[in-house]
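Architecture at a glance
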Amino acid sequence: MKSAFTVDVEDGISIAMRDAFSVESPQTDRVVHLTEKILELLSRRGVKGTFFVLGVVAEEFPELVKRIASENHELGVHGYDHLQFFRMTRDEAFQELNSAKKRIEDISGKAVYGHRAPAFSITPETKWGLDVIAETGFEYDSSIMPISGIRYGWPGFSETICKIKTPEGYDLTEVPMSVVKLPGRKIPACGGGYLRLFPEWITKKAFDLIIKERPAIVYIHPYELDTERYPEYYFDELKKSGFLRRNKMKSMWINRKSVYPKLSSLLEKYEFEPLINIVRSRKPGEVIQI
Ligand SMILES: [Zn+2]
C-alpha cells in the first residue's frame, strides 16, 4: 500500500505575523530554503511527493515552483493568501482558488489537480467550499479532517478516499486526512503537531495501523523544519502579546529538531507516490452526497 507525502508550502513567519499579531509582513525566503531541504530529502529517498503551494509564495518565488515541477513532484494549491474558508465569501473563495491555480499552472507549465484548504477549514459549516473547489476545476480536495476539532474537523466524515457529490451537484474526490482511533478519540497522527510531538515509534505504529486499511496521508509545513531564530520583528510582537498567545506560539517550537530525522525515517520505511496517482488508481466506490 503506497501512501502520500504532502507538503503545504507556506511561509510560517508572515502567516504567524498576520494571523497571530495582525501585522502584515513580507514573505521570507525561509520558505524556499526549507522546501528545498524537503526536496533534497525526497530526492535522496527516491520519493515523489505532493506540494500544495500558496499563491503568494508562487508569486514571490516562482523558481521554487519550477524546481518542484522539474523534479516531477505533483503541484497542488493551498489557496492564494492562506485565508480559511470561514473568513471568505463564496466569491472571494473562488477568486482565491482560481488565481492561485492559474498562477501555479502558468509558472510550472503543468496542470494542477489537487487542493488543500488552509488549516483544514472545510467543515460542515463551510461545505459550500466543496462547490467552489469543484467549480474551479480541481479533480480532488484533501482538506477534511474527519475528527471533531475546535476550529476544524468534520466528525463522522468518511476516513477513506471517496467520491462525493457536492451540495450543488459537482463531482469531486475527497482525500480525508489520516486518523487513528484511540480509546475515546481519533487523532490525526500523520502530520503537524502530532508528528512533531510524538516519539517516532508511536508515529510508526499509527502509520502501520492506517496502511493496513488505506494509504496514509503525511502532511508537513516547511516551517516545522525551521530551527533558526525568527526575525526580531517577530519577537517584538511576541513580547507585546498576552501570556496565552505567547505560550501557544512557544509550543509550536517544541521538538522541531526531531521533525527532519522522523521524516527521513518514514521515507525510508514506507512507500509513497503522488496523491493524484492514489486518487486515480482507487477502485470506484459509492458516491457520498454532501
Ligand atoms: Zn497552511
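In what follows, the structure referred to is the one given above.
This structure is a prediction, so every number in the text was calculated from the model and none was measured.

This brings us to helix α5 (residues 90-108). Along its 19 residues, α5 runs 27 Å from first to last C-alpha, staying within 8% of the 27 Å computed at 1.5 Å per residue. Residues A93, E96, L97, N98, A100, K101, I104, I107 and S108 constitute the buried set of α5. Its buried side turned inward, α5 meets β2 (50-53), α3 (55-60), α4 (62-70), β3 (74-77), β4 (114-115) and α6 (128-135). G109, located one to two residues past α5, shows a positive phi value of around 70°.

With that settled, consider the packing of α4 against α5. Running from N to C, α4 and α5 cross one another at 70°; their axes reach a closest spacing of 9 Å. It follows that α4 is roughly perpendicular to α5 by the angle criterion. The handedness of the crossing between α4 and α5 is right-handed. Contact residues: P62, V65, K66 and A69 in α4; I104, I107 and S108 in α5. Tallied by class, the residues present in the contact of α4 with α5 amount to 5 nonpolar, 1 polar and 1 charged.

Here the structure, examined in full by the defined rule, presents 12 aromatic pairs. An angle of 90° between the planes, with centres 6.0 Å apart, marks the rings of F5 and F272 as edge-to-face. With F5 in strand β1 (residues 4-9) and F272 in the loop between α11 (259-269) and α12 (275-281), the pair connects residues that are 267 residues apart, well separated along the chain. Relative accessible area serves as the criterion here: at 1%, F5 is assigned to the buried category. Given a relative accessible area of 8%, F272 falls into the buried group. Three or more aromatic residues joined by ring pairs form one cluster here, namely F21, Y230, Y234, F235 and W253. Geometry around F138 places K101 over its ring, the cationic atom sitting 5.7 Å from the centre. Its end group placed over the ring of Y113, R280 keeps NZ or CZ at 4.5 Å from the ring centre.

Below, the discussion takes up the side chain of R116. By the element assignment, R116 lies in the loop between β4 and α6. The class for R116 is buried, based on a relative accessible area of 0%. Setting aside chain neighbours within four positions, we find R116 in contact with T6, D8, F52, V77, H78, G79, D141, S142, S143, M177, I217 and Y219.

Here we take up the pairing of strand β10 (residues 217-220). Neither face of β10 is exposed, since I217 and Y219 on one face and V218 and I220 on the opposite face are all buried. Where β1 meets β10, 4 bridges bridge the pair, whose relative direction is parallel. Across the sheet, the residue bridging to V7 is I220, located in β10.

The sheet contact formed by strand β5 (residues 140-141) and strand β7 (residues 171-174) spans 2 bridges and is parallel. In the sheet register, D141 faces β7, and the bridge partner there is E174. Where strand β6 (residues 162-165) meets β7, 4 bridges bridge the pair, whose relative direction is antiparallel. For I164, the partnering residue across the bridge sits in β7 and is L172.

Rules of the game
- Numbers given to residues run from 1 along each chain, matching the order in which its sequence is written.
- With the structure being a predicted model, the display of local features is reserved for residues of pLDDT at least 70 and the display and counting of side-chain atom pairs for 80 or more, all residues being used for whole-chain, interface and lining totals.
- Note: side-chain values were computed over all heavy atoms of the structure, leaving out hydrogens and water.
- Helix and strand assignments follow DSSP, with helices taken as H or I runs no shorter than four residues and strands as E runs no shorter than two, numbered in order from the N terminus.
- The length a helix should cover is 1.5 Å for every residue beyond the first.
- Between buried and exposed lies partly exposed: a residue is buried under 20% and exposed over 50% of the maximum accessible area for its type, with that area taken using a 1.4 Å probe on protein chains only.
- Between two residues, a contact is recorded if the distance between any of their heavy atoms is within 4.5 Å.
- With axes taken as lines fitted to C-alpha atoms, and helix axes fitted only over the stretch in contact, angles between N-to-C directions fall between 0 and 180 degrees.
- For classification, angles of less than 35 degrees are called roughly parallel, those exceeding 145 degrees roughly antiparallel, those between 65 and 115 degrees roughly perpendicular, and all remaining angles oblique.
- Two helices cross in a left-handed way if the nearer one is turned anticlockwise from the farther one by less than a right angle. They cross in a right-handed way if the turn is clockwise.
- Residue polarity is assigned by list, with Asp, Glu, Lys and Arg as charged and Ala, Val, Leu, Ile, Met, Phe, Trp, Tyr, Cys and Pro as nonpolar; anything else, Gly included, falls into the polar class.
- Note on ring pairs: Phe, Tyr and Trp rings are taken, using the six-membered ring of Trp, and paired if centres are within 6.5 Å. Classes follow the plane angle, with under 30 degrees stacked, over 60 edge-to-face and the rest tilted.
- For a lysine, the NZ atom is tested; for an arginine, the CZ atom; a charge sits over a ring if that atom is within 6 Å of the ring centre and within 35 degrees of the ring normal.
- Only when DSSP finds a minimum of two bridges between them are two strands counted as paired.

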